[in-house]
Amino acid sequence: MLFRSDGTMVRAYPMAAGRPTWPTPIGPFQVLTKETHPTWDVPLSIQEEMRREGTAVVTHMPPGRDNPLGDHWIGLSIPGLGIHGTPAPSSIYSLASHGCIRLHPDDVVGLFADVSVGTLGVIVYEPVLLAVTPSGVFLEAHRDAYRQRRGATVDDVREAVRAAGLTEWEIDWPTVATTLAHREGIARRISSN
């Protein structure tokens, strides 16, 4: 999700994150670089994976339709990590990367335009994410793909609501229940008004 400095949500993007054997790191970051039509300098760890799998080892991939970074790269301060497009948009909504965050080619164009070198962000891994914004209260519920935490419950949401200084009557609890049941990782508005 992209927020303005005043807390207003600009937009949310479906994404692909790191597979369970190669999880996306969590924590704060800063945008360090932005590149269009990037060359992929294949990390040694991925080259080693290619060797183990018996495929041709690639060290550099020039820009083009086969480049797994797509046409846009947003390099982050977390070493080796970035947000990028993909020539495989069907991988979105899955855990398919080597830790990077993949966006649909159309979505990464928008994010690329909205962020600058120096933009701050944070990658979180939480079963429940609650955001109180001028547009309302939003909830995301996720599967525990990395098996680090238990799944989100209504009690987790109640705790997050209290921690945010809200009262339970401000929340649409049927929407909370639906969001928890589906665990889509998509922000849903749960404000009661």
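For the structure, see preceding data.
Residues numbered from 1 in each chain as written. Predicted model: local features only at pLDDT ≥ 70, side-chain atom pairs only at ≥ 80, totals over all residues. Heavy atoms only, no water.

Engineer: I would appreciate a short explanation of the overall build of the chain in the present structure.
Structural biologist: The number of helices and strands found in the chain is four helices and 14 strands. Expressed along its principal axes, the backbone C-alpha trace of the chain runs to roughly 60 × 35 × 25 Å. Here the chain holds 193 residues, and 37% of them are scored as buried. If you take every contact in the chain between residues at least 6 apart in sequence, the share linking residues at least 24 apart comes to 60%. When the accessible area of the chain is evaluated, it comes to approximately 10800 Å², of which 54% is carbon and sulfur surface. (Helix = DSSP H or I, 4+ residues; strand = E, 2+ residues; numbered from the N terminus. Buried < 20%, exposed > 50% of the residue type's maximum accessible area, 1.4 Å probe, protein only. Contact = heavy atoms within 4.5 Å. Areas by Shrake-Rupley, 256 points an atom, 1.4 Å probe, with all protein chains shown as cover.)

Engineer: Is there a simple way to explain the sheet that holds strand S12 (residues 128-133) in this structure?
Structural biologist: Backbone hydrogen bonds hold the strands of a sheet together, and the pairing may be parallel or antiparallel. Across the sheet, which stays open at both edges, the three strands sit in the order S12-S13-S14 with antiparallel pairing between neighbours. Taken across any chain shown, the strands that pair with only one partner, and hence form the sheet edges, are S12 and strand S14 (188-189). As judged from the two bridges shared by strand S13 (residues 136-141) and S14, these two strands associate in the antiparallel manner. Following the sheet pairing, Phe138 is matched in S14 by Arg189. The strands touched by helix H4 (residues 173-182) within the sheet are S13 and S14, with S13 carrying the most contacts at an inclination of about 25 degrees. (Pairing = 2+ DSSP bridges. Axes fitted to C-alpha atoms, helices over the stretch in contact; angles between N-to-C directions.)

Engineer: Would you mind going over the packing of aromatic side chains with me for this structure?
Structural biologist: Evaluation of the coordinates by the stated rule reveals zero aromatic pairs. A cation sits over an aromatic face here: Lys34 above Phe112, 4.5 Å from the ring centre. Positioned above the aromatic ring of Trp173 is the side chain of Arg158, whose terminal nitrogen or guanidinium carbon lies 5.0 Å from the ring centre. (Phe/Tyr/Trp six-rings, centres within 6.5 Å; stacked < 30°, edge-to-face > 60°. Lys NZ or Arg CZ within 6 Å of the ring centre and 35° of its normal.)

Engineer: Quick question: what am I supposed to make of the pairing of strand S3 (residues 15-18) here?
Structural biologist: In the case of a regular strand, side chains alternate between the two sheet surfaces. As paired strands, S3 and strand S10 (residues 101-103) are joined by two bridges and run antiparallel to one another. Each residue of the ladder has a partner; that of Ala16, found in S10, is Arg102. Taken together, the two bridges between S3 and strand S9 (residues 95-97) define a ladder with parallel strand orientation. Each residue of the ladder has a partner; that of Ala17, found in S9, is Leu95.

Engineer: Just checking my understanding: could you explain the sheet that holds S9 for this structure?
Structural biologist: One open sheet accounts for seven strands, arranged S9-S3-S10-S8-S7-S4-S11; its pairing is mixed. With one partner strand each, in any of the chains shown, S9 and strand S11 (120-123) form the two edges of the open sheet. Averaged over neighbouring strand pairs, the angle between their axes works out to 35 degrees when direction is ignored.

Engineer: Just to check I follow, could you spell out helix H2 (residues 105-114) for this structure?
Structural biologist: Among the residues making up H2, those that are buried are Val108, Leu111 and Phe112. One face of H2 carries all of its buried residues, which in axial projection span an arc of 105 degrees. Set apart from the buried face of H2 by more than 90 degrees, the exposed residues are Asp106 and Ala113. (Arc of directions from axis to C-beta.)

Engineer: What am I meant to see in the nonpolar core here?
Structural biologist: Proteins that are soluble and globular tend to have nonpolar side chains buried together. In terms of nonpolar packing, the biggest core is built from 23 residues, with Ile74, Leu76, Ile83, Leu103, Leu111 and Ile123 touching the most fellow members. Elements supplying a minimum of two residues to this core: strand S4 (27-36), helix H1 (44-53), strand S7 (72-76), S10 and H2. Discounting chain neighbours no more than four positions away, the residues touching Leu111 are Leu2, Tyr13, Ile74, Ile83 and Leu103. With 13 residues, the next largest nonpolar core counts Val128, Ala141, Ile171 and Trp173 among its residues. (Core = buried A, V, L, I, M, F, W, Y, C linked by side-chain atoms within 4.5 Å.)

Engineer: Even after reading the chapter, I still don't get the environment of Ala96, so can you show me in this structure?
Structural biologist: Secondary-structure assignment places Ala96 in strand S9. Counting along the chain gives 78 residues from Ala96 to Gly18, while the straight-line C-alpha distance between them is 5.6 Å. Apart from the residues lying within four places of it in its own chain, the contact partners of Ala96 are Ala17, Gly18, Arg19, Ser91 and Arg102.

Engineer: Which parts of the structure should I look at to understand the side chain of Gln47?
Structural biologist: Along the chain, Gln47 falls in helix H1. Judged by relative accessible area, which is 7%, Gln47 ranks as buried. In this view, Gln47 contacts Val42, Val57, Val58 and Thr59; residues no more than four positions away in its chain are not counted.

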